[in-house]
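Architecture and fold: a report
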Amino acid sequence: MSSTIYDKNIIEMLVLFLLCKEDLYAYNIMKLIQSMSHDILSVQGGSLYPILYKLTEKGYITDRVEVIGKRQRMTRVYYHITESGKNHLQELIDNNNRIQLGIRNVFENASVEEIQ
Amino acid sequence: MRKDFEKYFREIDKHLSLIPKRDHKTFIKELRGNVADYLEENPTACLDDIELVFGTPAQVVDEFLVDVKSQRFLDSLNRKNIIRIMAVTIALIATVLAAIFVVDTINFNHGYGMNSNAQAGHSATDPNAIETY
């Protein structure tokens, strides 16, 4: 069973990372996060769309709409990472590494008695 | 798409009416497309599965409004307020104009009455009244 990610920075980082390889649409991204994390992580669509729109607004990604179906009621929106998006990804990765290191330091400095 | 799935989209659509129509229609179209892709891979999926993967309507709307309450959302609220204020102002002006018109009409009728009285010989203060009328 996978754990749903709610941390927006983590989702942002994973989205930008996946988009570095190829243009993807939202459902693609959801599936890739789940499969590439070996089913440890998952992102709900509801959490993903606002992040994609925010990244688009900030110019970190661009979108391309493709209509699917005859009645034009359904679209597939492909997202593409921009140069500033790649820079932002690097910042997110650095920030995440610092957080991970900080958490590890806290755990290493705490004795078993303190935790219990 | 199945009826219960349509209800899912309608529910989201209804609660997103706070944000500009163009934005939420675009979002619903994208969501529909992604759910269609999901259903293509999982033809036996039910509404519970959709809600598990994409979120319940409440979750979707909640996440959307929390994040997209950016400038665009605030702008749209401001626009709505401006429209509301303009509508109230126009209504007030219309009411004042209508009141002026009514008072004017009453005054005109009153004058007509006086002239009638003058014509009937009840008022001799204005000897021209009969002639001008």
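Going by the structure above, here's the rest.
A brief report on the enclosed structure follows. Keep in mind it's a predicted model, so treat the numbers as computed, not measured. Starting afresh in each chain, residues are numbered from 1 along the sequence in its written order. A letter from A marks each chain and a number from 1 marks each ligand, given out in the order of writing. Only residues with pLDDT of at least 70 get local features here, since the model is predicted, and only at 80 or more are side-chain atom pairs given and counted; chain-wide, interface and lining totals rely on the full set of residues. Hydrogens and water molecules were not included; the side-chain quantities draw on all heavy atoms of the structure.

The secondary structure listing takes helices from DSSP runs of H or I that are at least 4 residues long and strands from runs of E that are at least 2 residues long, numbered from the N terminus. Within the fold, E30(B) resides in helix α2 (residues 21–41). Lacking a salt bridge, the buried E30(B) has R76(A) as its closest oppositely charged neighbour, with an N-O distance of 9.6 Å. Each residue's exposure class comes from its accessible area (1.4 Å probe, protein chains only) as a fraction of the maximum for that residue type: buried when under 20%, exposed when over 50%, partly exposed otherwise. Lys and Arg are tallied as positive, Asp and Glu as negative. Neither His nor the chain termini are counted. A side-chain nitrogen of Lys or Arg and a carboxyl oxygen of Asp or Glu constitute a salt bridge if their distance falls within 4 Å.

Another aspect to go through is the pattern of salt bridges. The tally for this structure, following the rule as stated, stands at nine salt bridges over all chains. Notably, a salt bridge pairs E66(A) with R64(A), separated by 3.7 Å at the nearest N-O pair. We classify E66(A) as partly exposed; its relative accessible area is 32%. Here D37(B) and R76(A) are joined by a salt bridge, their closest N and O atoms 2.5 Å apart. You can see D37(B) sitting in helix α2 and its partner R76(A) sitting in strand β5 (residues 74–81), one on each of two chains.

Any pair of Phe, Tyr and Trp rings, taking the six-membered ring for Trp, is counted once the centres come within 6.5 Å. Such a pair is stacked with planes under 30 degrees apart, edge-to-face with planes over 60 apart, and tilted for the rest. Under the defined criterion, the tally for this structure stands at seven aromatic pairs over all chains. Arranged with centres 5.6 Å apart and planes meeting at 70°, the rings of Y8(B) and F9(B) form a pair that is edge-to-face. Taking relative accessible area as the criterion, F9(B) reaches 2% and is therefore assigned buried. Arranged with centres 6.0 Å apart and planes meeting at 85°, the rings of Y38(B) and F54(B) form a pair that is edge-to-face. Remark: F54(B) occurs in helix α3 (residues 47–54) and Y38(B) occurs in helix α2; sequence separation between them is 16 residues. Taken together, Y27(A), Y38(B) and F54(B) form an aromatic cluster joined through their ring pairs. By definition, being over a ring means that NZ of Lys or CZ of Arg is both within 6 Å of the ring centre and within 35 degrees of the ring normal. The aromatic ring of Y25(A) is capped on one face by R76(A), whose charged end is 4.8 Å from the ring centroid.

In this section: the interface of chain A and chain B. Contacts were defined at the residue level, with two residues in contact if any of their heavy atoms lie within 4.5 Å. Listed as interface residues are 25 residues of chain A and, on the opposing side, 27 residues of chain B. For the pair chain A and chain B, the summed buried surface comes to about 2,200 Å²; carbon and sulfur atoms form 50% of the total. Area buried by chain A at its contact with chain B is led by Y27(A), Y49(A) and R73(A), which between them contribute 27% of it. Linking chain A with chain B are three salt bridges. Polar contact is defined as a pair of N or O atoms within 3.5 Å, subject to the rule that within protein one atom must be able to donate a hydrogen and the other to accept it, and that residues adjacent in sequence are counted only when both atoms are side-chain atoms. The interface formed by chain A and chain B holds 13 residue pairs in polar contact (both at pLDDT 80 or more) in total. Contributions of two or more residues to the side of chain A that touches chain B are made by α2 (26–36), α3 (45–57) and β5 of chain A. Residue polarity is assigned by list, with Asp, Glu, Lys and Arg as charged and Ala, Val, Leu, Ile, Met, Phe, Trp, Tyr, Cys and Pro as nonpolar; anything else, Gly included, falls into the polar class. Grouping the amino acids of the side of chain A that touches chain B by side-chain chemistry returns 14 nonpolar, six polar and five charged. Once two parts are brought into contact, the accessible area they lose, counted with a 1.4 Å probe and summed over both, makes up the buried area.

Helix span, as expected, comes to 1.5 Å for every residue beyond the first. The terminal C-alpha atoms of helix α4 (residues 83–109) of chain A lie 40 Å apart, and with 27 residues this matches the ideal 39 Å at 1.5 Å per residue to within 8%. Structurally, α4(A) contributes buried residues whose contacts are with α1 (8–21), α3 and β5 of chain A.

Turning to the layout of surface pockets, a few remarks are in order. Unoccupied space between atoms shows up once a probe the size of one water molecule is rolled over them. For cavity detection a 1 Å grid was placed over the protein atoms alone, and a set of points counts as a cavity when a 1.4 Å probe fits there but cannot get out; an open set counts as a pocket when protein lies on both sides within 12 Å along at least five of seven lines, with lining residues being those that have an atom within 4 Å of a point. Grid points are joined across faces, edges and corners, and a volume is the space filled by probe spheres set on the points. The calculated volume of the largest pocket comes to roughly 380 Å³. Surrounding the largest pocket, 16 residues form its lining, S2(A), Q34(A), S42(A), L52(B) and V53(B) being those nearest its centre. Going through the elements one at a time, α2 of chain A together with α3 of chain B are the ones with two or more residues in the lining of the largest pocket. Sort the elements by how many residues they give to the lining of the largest pocket and α2(A) lands first, with four residues. Here the lining of the largest pocket is built from residues that sort into seven nonpolar, seven polar and two charged.

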